[in-house]
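A closer look at the structure
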Protein chains: 2
Amino acid sequence: MNKVVVKNVTFGEGAPKICVPMVGKTVAALKEEAEMLKTIDLDVVEWRVDFFEDVKDLVKVKAALDEIRAILPETPILFTFRSAKEGGELAVSDEFYFELNETLAGTGKIDLVDVELFNEEADVLRLIETAHKNNVKVVMSNHDFDKTPAKEEIVSRLTRMEALGADLPKIAVMPKSAGDVLTLLDATNTVSEKANQPIITMSMAGTGVISRLAGEVFGSAMTFGAAKKASAPGQIDVNELRHVLDLLHKQF
Amino acid sequence: MNKVVVKNVTFGEGAPKICVPMVGKTVAALKEEAEMLKTIDLDVVEWRVDFFEDVKDLVKVKAALDEIRAILPETPILFTFRSAKEGGELAVSDEFYFELNETLAGTGKIDLVDVELFNEEADVLRLIETAHKNNVKVVMSNHDFDKTPAKEEIVSRLTRMEALGADLPKIAVMPKSAGDVLTLLDATNTVSEKANQPIITMSMAGTGVISRLAGEVFGSAMTFGAAKKASAPGQIDVNELRHVLDLLHKQF
């Protein structure tokens, strides 16, 4: 499996990397969040820009990014606009979704950009090209907040993401039973045994929390922890998360 | 699913119960261990009597039990002679194995007795009868230190244990891959969804540690933690274990 290196973080090696979301609505809130995150043992911050009240103003988005970067100069920043259809805060046109992501990828000031698989392939490929031209890694993602697809479907989505050029394929699904959590873990294990790129998977909500801890066993390269506020169901406190990941890492 | 209540411990409800093994060779060592265990947040102690140097002297075994019980009056004691063929310290005849377990079960001073599935059925049934007559619960166990059997085989062994009258069927298997850990978790989930009795399962060694934490998700009612010394590969520190089990319990 290829390693994916972003600043001082290597995905696909050792314990899963910890990503903490930033969900501030204003620049002031984002700056406060960034200051707090400086004190936390994390690997990556995800700016969930769909929470940002001025997200539709690209000038303000870029200015806010500069403020975050000034406070967190060495921390990999994953830029994510989570679409409403996949659990995000705000519905926007596909056109704006890609304009936003292309523009920010084009600044080269983000380290990773999230693009959702369920979009026009041509748009996705063009964004990947822009990102890679600007040394920005691509997290390609898919979220099912209602159910857990069959193992084969999870495997095929992750495989397709890699085929399209994703550096880090990612899938998050909702379990309705413990069996669903096993399905996600099984798919993770199957894909990670043969994939070229490290993958990121999680089974959400309380039932799925074990999947956020077990990445090193079954093959998920990153896991999301909450600092101030969780951005998805099942995210546990980032300090607790690090403690358990270290505990499990010691067993290998 | 039936609950199994032993003193103040209810198996099959809430977080998995924590069992800590006692592996002292002498009465003095066992007394020292018992004193230390008084200070630890555990639910059950397992006296691994195959470690006891005088195990072949039933008078001394009963005397040692009285010493342990005097120090731990309220703690459920699981009496286990682990056979050499299933990972224990000492090879003994089947005849002695059943004489020892019948005698100790007959005292009514132990709370649970471990009997291994792979024995003559008549002997197993007789020990269960003696145990139940003396209000002693039966943990029926099976250990594979070499491999992880197929899911169907794990399911059938656990199901057979219940059919024979076990209060708590238990199986411990060795993973050679993450896939093996999934097999154990899958079998656990399948059995616990339909069984009448709570079950105890674990995938051993470092790869299997996640199975020692995930009992509340997939259906294992007890997990083994180490205080002074682990009695099987993959047992983590009992305090760390309690911390993670509580963390996961909070997610439900």
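Residues numbered from 1 in each chain as written. Chains lettered and ligands numbered in written order. Predicted model: local features only at pLDDT ≥ 70, side-chain atom pairs only at ≥ 80, totals over all residues. Heavy atoms only, no water.

What follows is about the UniProt feature "binding site: 3-dehydroquinate" in chain A. All names here are of chain A. When the UniProt feature table is mapped to this numbering, "binding site: 3-dehydroquinate" covers Glu46, Trp47, Arg48, Arg82, Arg212, Ser231 and Gln235. Within the secondary structure, glutamate 46 sits in strand S4 (residues 44–48). For glutamate 46, a relative accessible area of 2% puts it in the buried group. Beyond its immediate stretch of four places on either side in the chain, glutamate 46 contacts Cys19, Val20, Pro21, Met22, Leu78, Thr80, Arg82 and Phe224. When residues no more than four places from it in sequence are discounted, the contact partners of glutamine 235 are Pro21, Arg212, Phe224, Gly225, Ala226 and Ala230. (UniProt positions renumbered as here; feature names shortened; annotations may be inferred. Helix = DSSP H or I, 4+ residues; strand = E, 2+ residues; numbered from the N terminus. Buried < 20%, exposed > 50% of the residue type's maximum accessible area, 1.4 Å probe, protein only. Contact = heavy atoms within 4.5 Å.)

Note that alanine 150 of chain A resides in the loop between strand S7 (137–144) and helix H5 (151–164). The sequence separation of alanine 150 of chain A and tyrosine 97 of chain A amounts to 53 residues, and the corresponding C-alpha distance is 29 Å.

Taken together, the contacts link 23 residues of chain B with 23 residues of chain A. For the chain B and chain A pair, buried surface summed over both sides reaches about 2100 Å², with 77% attributable to carbon and sulfur atoms. At the junction of chain B and chain A, the tally comes to two residue pairs in polar contact (both at pLDDT 80 or more). Counting only elements with at least two residues in the side of chain B that touches chain A, the list comes to helix H6 (178–194), helix H7 (209–213), helix H8 (215–218) and helix H9 (238–249) of chain B. Considering every element that reaches the side of chain B that touches chain A, the biggest residue donor is H6 of chain B, with seven residues. A class-by-class count of the residues in the side of chain B that touches chain A yields 14 nonpolar, six polar and three charged. (Buried area = accessible area lost by both parts, 1.4 Å probe. Polar contact = N/O pair within 3.5 Å; in protein donor to acceptor, adjacent residues only side chain to side chain. Nonpolar A, V, L, I, M, F, W, Y, C, P; charged D, E, K, R; others polar.)

Turning next to the confidence of the model for chain A. Looking at chain A as a whole, the pLDDT averages 96, with 100% of positions reaching at least 70. If you check the scores for this complex, the pTM reads 0.95 and the ipTM reads 0.94. (pLDDT = per-residue confidence, 0-100.)

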